Amino acid sequence: MGATNSLSALTGFLITLTLASTFIIVGARRLSAAIRGAVLQGVLLAAVTAVRGWSTGIGEMYLAAGLTLVIKAGLIPYILHKVEARVGACPGVKSYVNMKMSFVACAGLIIVASSTTARLVGPGIGVLERALPTAVAMMLIGLFLMITRKLAINQVLGLLVMENGIFLAAVGTTNGMPPVVEVGVFLDVLAGVLIMGILAFRINRAFDTINTEDLRNLRG
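What comes next concerns the included structure. (Residues numbered from 1 in each chain as written. Predicted model: local features only at pLDDT ≥ 70, side-chain atom pairs only at ≥ 80, totals over all residues. Heavy atoms only, no water.)

Attention shifts here to the overall build of the protein chain. When its secondary structure is counted, the protein chain shows eight helices and zero strands. For the protein chain, the α and β elements follow one another from N to C terminus as α-α-α-α-α-α-α-α. By the burial criterion, 45% of the 220 residues in the protein chain qualify as buried. Partitioning the intrachain contacts of the protein chain with sequence separation of at least 6 by distance along the chain shows that 77% fall at a separation of at least 24. Looking at the protein chain as shown, the accessible area adds up to about 10,700 Å², and 68% of this sits on carbon and sulfur atoms. (Helix = DSSP H or I, 4+ residues; strand = E, 2+ residues; numbered from the N terminus. Buried < 20%, exposed > 50% of the residue type's maximum accessible area, 1.4 Å probe, protein only. Contact = heavy atoms within 4.5 Å. Areas by Shrake-Rupley, 256 points an atom, 1.4 Å probe, with all protein chains shown as cover.)

We now examine the packing of aromatic side chains. Applying the stated rule across the entire model yields one aromatic pair. Here Phe23 and Phe103 contribute two aromatic rings whose centre-to-centre distance is 5.9 Å and whose plane-to-plane angle is 10 degrees, an arrangement assigned as stacked. You can see Phe23 sitting in helix α1 (residues 2-27) and its partner Phe103 sitting in helix α4 (residues 99-118), a full 80 residues away along the chain. For Phe103, a relative accessible area of 31% translates into the label partly exposed. (Phe/Tyr/Trp six-rings, centres within 6.5 Å; stacked < 30°, edge-to-face > 60°.)

The next subject is a nonpolar patch on the surface. A surface patch of nonpolar side chains, amounting to about 310 Å² of accessible area, comprises Val43, Leu69, Val70 and Leu75. Broken down by element, the residue count for the nonpolar patch peaks at three residues, all from helix α3 (residues 60-87). Inspection of the secondary structure assignment puts Leu75 in helix α3. Assessed through its relative accessible area of 36%, Leu75 is described here as partly exposed. (Patch = residues over 30% accessible without salt bridge, like charges linked within 9 Å, V, L, I, M, F, W, Y side chains within 5 Å. Salt bridge = Lys/Arg side-chain N within 4 Å of Asp/Glu carboxyl O.)

For the rest of this paragraph, the subject is the nonpolar core. Residues Leu80, Ile141, Leu157 and Leu168 are the most contacted members of the largest nonpolar core, which totals 44 residues. Those residues in contact with Leu157 that sit more than four places away from it in its chain are Leu31, Ala34, Ile35, Ala38 and Leu80. (Core = buried A, V, L, I, M, F, W, Y, C linked by side-chain atoms within 4.5 Å.)

All right, on to α4 then. The end-to-end C-alpha distance of α4, which contains 20 residues, comes to 29 Å, matching closely the 28 Å that a straight helix rising 1.5 Å per residue would cover. Within α4, burial applies to Met99, Ser102, Cys106, Leu109, Ile110, Ala113 and Thr117. For α4, the buried positions fall inside an angular range of 100 degrees around the axis, keeping them on one side. Residues of α4 that are exposed and point more than 90 degrees away from the buried face comprise Lys100 and Ile111. A side-chain oxygen of the first residue of α4 lies 3.3 Å from the backbone nitrogen of Lys100; this N-cap is Asn98. (Expected span 1.5 Å × (residues − 1). Arc of directions from axis to C-beta. Polar contact = N/O pair within 3.5 Å; in protein donor to acceptor, adjacent residues only side chain to side chain.)

Put into structure tokens, the structure is as follows:
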């Protein structure tokens, strides 16, 4: 019983750190720092999944943890770094909302997520009580990043945060998905980032910018 409680507490702590890593991405003033925040979030998600596998005894969780580490903390950030270098993207993070208001908005989204999921999840239900509000908050913050960021690469990071939230919900509220489904989901995410990276490169070559605000001005 003590070991179970310890694993539950460790999982809850890692989930809290995962949410905190989202604020690194939101508060990053340089694109490289935002990508490093995404790497940290991928590592923490892998740790959450591995601990869940340990506590539940489900071996497939270790497969998911390994895929998370390789793809979300390795391949996807590598691709984004390469795209950044190829397009010569501005190192600064451009946003329609200033940094202070971004933090306030994200804090408000966390409150909304917590209050909404509290109606679905009663108190004292262990990992579920922490995982579901955090997952919903990450989805909302990811959507916020996609809407407010001007550079296409930053919008891809927002999409990645959203997907990480969905993944956390699956890991924290269920006993995992079949391995075939997990591999398919990870490949879909990787393919999506690859396609967006290629599009960003082609857009930059055609219009000499990946700032979506500038691209919007090209409409007649």
